Amino acid sequence: MARHAPNGIVQAMQLLRLQGTPYRRVIPSLRPTARFYATETEPQTPSTEALPEQTAEPQLEVRPAPEINFAKFQQRPARIVPASRAYFSGNPRFIDHVLNLEHLQQKYASLPQVPAGEAPRMAWFKLAQFRDFVGEAVPVKKYRSLLKLLQQLNRIEPGIAPQEVRTAISVFLRPGNPYAKEHTPREVDENGCARAKGKRKTSTAVVQLVEGEGEVLVNGRSIVDVFPRVDDREKALWALRSTERIDKYNVWVRVHGGGSTGQAEAITLAIGRALMLHEPGLKPVLRKAGAITVDARRVERKKPGHVKARKMPTWVKR
Amino acid sequence: MIVRQFGVRQSRQLLALSRRAPVSARFLSTETAVETPVTSSPESSVPSINSPLESGSTQSKQSLTESEQRWRKWEASKNAFHKLGSTTKDSYEPVPLSASEITLEHLLAAGTHMGHSTSRWNPQNSRYIFGIREGVHIISLDVTAAYLRRAAKVVEEVAARGGIILFAGTRKGQKRSVVGAAHLAKGYHIFERWIPGSLTNGEQILGHCETKVVNAFDEELPEFKNDLQDRPVVKPDLVVVLNPLENVVLLHECGLNNVPTIGIIDTDADPTRVTYPIPANDDSLRSTDLIAGVLGRAGQAGQNRRLQDAKDGKFSYQPVSADWLRLDPFTGMPLEAEQQKKK
Amino acid sequence: MASPWCWSCLSPLRTPRAILPSSTTTTRITTAGFHSTAVQYAMPAKKNKNSITQLKYRQGQTLRRKKKKATENRARPPAIGERKAMRKRIVLSNPNALEVEGMQELSPETMIDNRLRGSVLGLPVTMLDQLRAVQAFKPRQGWNIFRRPGTVLRRDALELGQLFEKISGDDPAEKGKVVRKIITGPKGSGKTVHLLQAAAMGFLKNWVVITVPDAYELVSGTTSYSPIEGSNPPQYVQPNATSALLKRTVEANSKVLESLKVSQKHAGLENLKPTMTLKDLAQLGLGDAALSWPVFQALWAELTATSPAPGMENGFQSRPPTLVTVDGLSHWMTKTAYRAEDYSFVHPHDLVFVQHFLSLLKSDKPTLKNGGMLLYATSTSNNPSSYSLEVGLDQMIARQDGVSPTSPDYPAPEAYSNADPRVLELFKPTAASGKEGVLELQTLGGLTREETRGYLEYFAQSGLLRENINEKWVSERWSLSGGGIIGELEKLGRHVSAPAKLAQPTPDVE
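Residues numbered from 1 in each chain as written. Chains lettered and ligands numbered in written order. Predicted model: local features only at pLDDT ≥ 70, side-chain atom pairs only at ≥ 80, totals over all residues.

## With respect to the overall build of chain B
Item 1. If you tally the helices and strands in chain B, you get 12 helices and nine strands.
Item 2. Across the 343 residues of chain B, 38% fall into the buried class.
Item 3. A sequence separation of at least 24 residues applies to 63% of the contacts in chain B between residues at least 6 apart. (Helix = DSSP H or I, 4+ residues; strand = E, 2+ residues; numbered from the N terminus. Buried ≥ 20, exposed ≤ 12 C-beta atoms within 10 Å, placed from the backbone. Contact = placed C-beta atoms within 7 Å.)

Shown next, in the form of structure tokens:
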């Protein structure tokens, strides 16, 4: 039988609160002193015991049991029970979702599936969003397993996928599908200015390229100021040099982060990309010159227990 | 199937050779629709009866995609031909047995008698042990059956009195039987790690989980939703543990909270940890599935009894009252707002 | 008790330590097993330091190998001053470089010839000693890579030449004018070489050229200084620096100075005779540093004299115009390294030497009465930051752009910036009086493409560049040098780089 008595902490708090009050009303029926086990035999008939108005004041005369009013009976609260069967797991909503998805997966296991690459791309919740969605602290690993389930359901052939599955998995989509919007290729804007971005090491360069006479400004300063080394300057303008376009364009650069090499090569990449917007036919030349090849190498992080990224301390015998 | 795949695979190569290869186009029929009058309208001629899509698909038949057409065709041909050449008599329907149906043969078949190596035994289990075979303890199946029936009775009575039954089986592979048993018995399940303190420190761990107020027919009464705040967390009235060895913490917490427990006790387990032991093999999934199924059925019977009582307008247990629900959970007194209203 | 002596050789035998009194146990060296005097007094055995097994306390026990000793540099270090001399040495010729055919010299005709714009004009060989004397050359200006020193005739140089032509010309409106300019520009833009060109033109036109090649030397605290008695606020003379200035002036302008006679009376220099030339006058200050400042003042008075003093009319010749150049102006706009009596820093404007040259910038009263030019250049290498100077230059730019000093757009020092009022005072607008020109600001930029081409062709003709110099290549260099900054062009010219021939643009590009 369900117990409705408050647990120890609440009782203690309740006692504390009642200490100061002059009177203390105790409702004996609400504080069962003994525990009722389900296996115990019921001492009273529940029909008489259950009515609170009867317990509140002692009954002198015995009345016959009132007629059963089913409408009223349905309105009567009987128990407080958990809302979910997974209540005791600590994250019931999550487990309910998982079980629901697993059920669907079993149910529609026979449906044909498309290869993983051809399935429609879905933007599932990020972990933080999902935690907000279910209101529970779901661990990373468990959420990954849920994502795996979702992806398997998503692989059911789009034409055949039942409505049930579609609605079930659509619950987990981020609002506003980010994959829905089309990729618009960049173009030279109405002022004849091509904007492009380049990165190298930790530097980022944003270049605006307009037709002109070969003037270069880096962060509002002369290129000579920014890159005192000739090599760096030649690198930065390599995309224009290699295509012999250096006197045809004016370059305006914003670059930040990193050192001079990184900045110079970031500018190379950015100029190469911007130049491609002006003259798409130059792409093979730029590709061959290495001006639009991205160098994705970054500094490897240092690890604990290592001296550098990979170097280990010298072995000492004892 | 293998032959067909082979045909498809090889025939592509042969076709690519651009010479007159003796490849019959029949092999390719699964890949491209063949314009023959027989297969031109398969979905109209053969109704797909067992299709799980039947309920879900809302698309009109005109706008079927190619893949769906292909699949429907396949379903139709399957429905038309899958009984061909065979007569199905008795099929195995995996419905759990009830306690009254359990026989020693069932228990033996499920391997519930297999204990552990004799060196690992717990001597407290000596009364359940039938003997030793090949260095392994054999559990006495008549004892198992008796204890299992007793446990089933316990579950049934608890369910009949509206108790909250928790099925716990945290081993790999027990998920399905645990969830199934909980579903039958209208109980609760836990198939991942039991979070220590869920009973002794429930406010912290289960405090955010939702509860609801139901009437005798287990229908939710939403008007009491606001009264559920600051209530103590729900505690189970009976815990069934399929692997007590791994859930010592759970059993300990149950002991602290006076919650009776039922557990499958293998020869290496301590039978005093649980209130109602069932001596059986807890390492075989078949064994635990069988026992979980029996207990689930028992719970189902109890729930049915309770609902039957409710139909008669009777409570087999002490229900909560609306007035009590409206009291302040901390002080046990009427809320301030209610008092104001009364004045 | 046994005797403590050996009866065979009468040497002390070993006694048990416990018996011996404590003093003998601690002080005696008892190492030898066999008794002999030599062993007694021998040093205790040294531990083998080379052994790798030798252990020390509290040290890690890793394998330590002996490191190679750094090879000792047995060469004798250069003599004192030799290094500095090497550093400051100026080489004006490279015999390996090719002689450029048809290279024209700087002359009164070529320096105003617009057709020669962009070409490199050689400095006359006879003038090199004069230019060396005024320290117009600086090391690292690339003089040592060519056969003979030469400078580009860029637009600014042409304008300069025209100014010289006008001031020493016959046009009465222009003759005797004073032009004042502050020259700024980015690094490598040729400010110092511009001063050199001015000096060369001054020599060509027989002007008197007075230079301060490095303003830093006057404020760095490396030359002697002494307060002038009775001056309030205290002012300071720098006798050695003045003496060096006189020396430069005499060496460079000896021909002009020899031709001029003393025509004034000078206080403190009573033994001057009217027959003495100005060179003799200046040389008075060379011998005695204490006299150098009065001598310089006397020389200055002679040079700016328009008419002889009464009684000294004999052989008076009209004085030529004067060119004054100062390099590194911003050093004069911050504090000096000199200390005053109260240990505060001496303001540079309290040094009479500096004050003299800075006062020439004011155009409200006649300074160079015979006309001339004042070119004061800022520097970007070894450049102290002077906020007041920046503000002053900004104000000059604003004035040249036509912004009235009373308008709100006129740049003013920021509040609480502690701008130096004496510096700001220098740059306040003054009206032009007579032939005194107003102070102007000239900003040197990069060369134009044509000038760049001429400059780089000069490199090619000297055998330094092996490129096919065409329009594209030149404009590429022009961009790489930040828009024709001549210092960067010089670097690019001597820089051997891989040609960017990798990619020819595809013909079907649209």
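## A short note on the overall build of chain C
Item 1. Secondary structure assignment for chain C yields 16 helices and nine strands.
Item 2. Residues classed as buried in chain C amount to 36% of the 510 residues present.
Item 3. In chain C, once contacts between residues fewer than 6 apart in sequence are set aside, the share between residues at least 24 apart is 73%.

## Brief notes about the sheet that holds strand E5 (residues 221-222) of chain A
All names here are of chain A.
Item 1. Pairing in this open sheet of five strands is mixed, and the strands run E2-E3-E6-E4-E5 from one edge to the other. Each edge of the open sheet is held by one strand with a lone partner, namely strand E2 (194-200) and E5.
Item 2. Across eight bridges, strand E3 (residues 203-211) lies against strand E6 (residues 249-256) in antiparallel orientation. Each residue of the ladder has a partner; that of Gln-208, found in E6, is Trp-252.
Item 3. Strands E2, E3 and E6 of the sheet are contacted by helix H12 (residues 260-278), whose axis makes an angle of about 145° with E2. (Pairing = 2+ DSSP bridges. Axes fitted to C-alpha atoms, helices over the stretch in contact; angles between N-to-C directions.)

## Considerations on helix H9 (residues 278-287) of chain C
Item 1. When we look at burial in H9 of chain C, the residues that qualify are Leu-278, Leu-281, Ala-282 and Gly-285 of chain C. Angularly, the buried residues of H9 of chain C cover 95° about the axis, an arc narrow enough to put them on a single face. (Arc of directions from axis to C-beta.)

## Here's the deal with the packing of helix H8 (residues 239-258) of chain C against helix H10 (residues 292-303) of chain C
All names here are of chain C.
Item 1. Relative to each other, H8 and H10 sit at 40°, their axes nearing to 8 Å. Between H8 and H10, the angle falls in the class oblique. As for the relative orientation of H8 and H10, their crossing is left-handed in sense. Along the contact surface, H8 presents Pro-239, Thr-242, Ser-243, Leu-245 and Leu-246, while H10 presents Ser-292, Trp-293, Val-295 and Phe-296.
Item 2. Residue composition of the contact of H8 with H10, grouped by class: six nonpolar, three polar and no charged. (Parallel < 35°, antiparallel > 145°, perpendicular 65-115°, else oblique. Left-handed = near helix turned anticlockwise from the far one by under 90°. Nonpolar A, V, L, I, M, F, W, Y, C, P; charged D, E, K, R; others polar.)

## Some details on the confidence of the model for chain B
Item 1. Mean pLDDT over chain B works out to 82, with 79% of the residues at or above the 70 mark.
Item 2. Counted against residues more than four places away or in other chains, residues 1-8 of chain B, with its pLDDT under 50, gives six contacts. (pLDDT = per-residue confidence, 0-100.)

## Looking at the confidence of the model for chain C
All names here are of chain C.
Item 1. Scored by pLDDT, chain C comes out at a mean of 86, with 85% of its residues at no less than 70.
Item 2. Taken as a whole, residues 23-33 scores under 50 in pLDDT and shows seven contacts with residues more than four places along the chain or in a different chain.
Item 3. This prediction of the complex comes with two scores: 0.60 for pTM and 0.77 for ipTM.

## A closer look at the environment of Leu-299 of chain C
All names here are of chain C.
Item 1. By the secondary structure assignment, Leu-299 is in helix H10.
Item 2. Classification of Leu-299 by C-beta neighbours within 10 Å gives buried; the count is 26.
Item 3. As for Leu-299 and Lys-279, which are separated by 20 residues in sequence, their C-alpha atoms are 9.0 Å apart.
Item 4. Once residues within four sequence positions are removed from consideration, Leu-299 is found in contact with Leu-278, Leu-281 and Ala-282.

## A closer look at the nonpolar core
Item 1. Val-207, Ile-267 and Ile-271 of chain A together with Ala-199 of chain C are the most contacted members of the largest nonpolar core, which totals 136 residues.
Item 2. Dropping the residues within four chain positions of it, Val-207 of chain A is found in contact with Ala-196, Val-251, Val-253, Ile-267, Ala-270, Ile-271 and Ala-274 of chain A.
Item 3. Counting 73 residues, the second largest nonpolar core, distinct from the first, contains Val-179, Cys-209, Val-274 and Ala-298 of chain B. (Core = buried A, V, L, I, M, F, W, Y, C linked by C-beta atoms within 7 Å.)

## Notes on the environment of Tyr-128 of chain B
Residues and elements named next belong to chain B.
Item 1. By the secondary structure assignment, Tyr-128 is in the loop between strand E1 (114-117) and strand E2 (129-133).
Item 2. Judged by local crowding, Tyr-128 falls into the buried class, with 22 C-beta atoms found within 10 Å.
Item 3. Remark: the alpha-carbon pair of Tyr-128 and Ala-280, spanning 152 residues in sequence, is separated by 8.9 Å.
Item 4. If we skip the residues at most four places from it in the chain, Tyr-128 touches Ile-139, Ser-140, Val-143 and Pro-279.

## A look at unusual backbone geometry
Item 1. Between Asn-232 of chain C and the following residue, Pro-233 of chain C, the backbone shows a cis peptide bond with an omega angle of -5°.
Item 2. As for its position among the elements, Pro-233 of chain C is in the loop between strand E5 (226-227) and strand E6 (236-237).
Item 3. At Glu-244 of chain A, a residue that is not glycine, the phi angle is positive and equals roughly 55°.
Item 4. Tracing the backbone through its elements, the reader meets Glu-244 of chain A in the loop between helix H11 (238-242) and E6.
Item 5. Take Glu-244 of chain A: there are 18 C-beta atoms within 10 Å of it, and that puts it in the partly exposed class.

## Section: the sheet that holds strand E5 (residues 188-190) of chain B
Residues and elements named next belong to chain B.
Item 1. Here five strands make up an open sheet; going across it, the order is E5-E4-E7-E8-E9 and the pairing parallel. The two strands at the open ends of the sheet, each matched to only one other strand, are E5 and strand E9 (276-279). Between one strand axis and the next, the sheet turns by 20° as a mean value, whatever way the strands run.
Item 2. Here helix H6 (residues 141-160) sits on the sheet in contact with strand E4 (165-168), strand E7 (238-241), strand E8 (261-265) and E9, set at roughly 140° to E9.
Item 3. Along the sheet face, helix H9 (residues 248-256) touches E4, E7 and E8 and points at about 160° away from the line of E7.

## Some details on helix H15 (residues 471-480) of chain C
Item 1. Most of H15 of chain C is tucked away: seven of the 10 residues are buried.
Item 2. Buried residues of H15 of chain C: Val-474, Ser-475, Glu-476, Arg-477, Trp-478, Ser-479 and Leu-480 of chain C, and no others.
Item 3. Tucked inside the fold, the buried residues of H15 of chain C contact strand E4 (216-218), helix H10 (230-236) and H11 of chain A together with helix H14 (449-461) and helix H16 (486-494) of chain C.
Item 4. Gly-482 of chain C sits one or two residues past H15 of chain C and shows a positive phi near 70°.

## Section: the packing of helix H5 (residues 155-167) of chain C against helix H6 (residues 191-204) of chain C
Residue and element names in this part refer to chain C.
Item 1. The geometry of H5 relative to H6 is characterised by a closest axis approach of 10 Å and an angle of 30° between their N-to-C directions. With respect to H6, the axis of H5 lies roughly parallel. In the packing of H5 onto H6, the handedness of the crossing is right-handed. Contacts between H5 and H6 involve Asp-156, Ala-157, Leu-160, Gly-161 and Phe-164 from the first element and His-194, Gln-197, Ala-198 and Met-201 from the second.

## Focus on the pairing of strand E8 (residues 372-377) of chain C
All names here are of chain C.
Item 1. Of all six residues in E8, six are buried; the element is thus mostly enclosed.
Item 2. Neither face of E8 is open: one carries Gly-372, Leu-374 and Tyr-376, the other Met-373, Leu-375 and Ala-377, and all of them are buried.
Item 3. Sheet analysis places strand E3 (residues 178-184) next to E8, joined by six bridges and oriented parallel. From the neighbouring strand, Arg-180 faces E8, where its bridge partner is Leu-374.
Item 4. Examined bridge by bridge, strand E7 (residues 322-327) and E8 share six bridges and lie parallel to one another. In the strand pairing of E8, Thr-322 is matched with Gly-372.
Item 5. Remark: the E7/helix H11 (residues 352-359)/E8 crossover connection has right-handed handedness. (Right-handed = clockwise from strand over helix to strand, strands pointing away.)

## Concerning the environment of Ala-292 of chain B
Residues and elements named next belong to chain B.
Item 1. With respect to the helices, strands and loops of the structure, Ala-292 is situated in helix H10 (residues 285-311).
Item 2. Here Ala-292 falls in the buried class, since 28 other C-beta atoms lie within 10 Å of it.
Item 3. Remark: the alpha-carbon pair of Ala-292 and Gln-174, spanning 118 residues in sequence, is separated by 9.4 Å.
Item 4. With residues up to four places along the chain from it excluded, the contact list for Ala-292 reads Phe-167, Gly-169, Ser-177, Val-178, Ala-181 and Leu-242.

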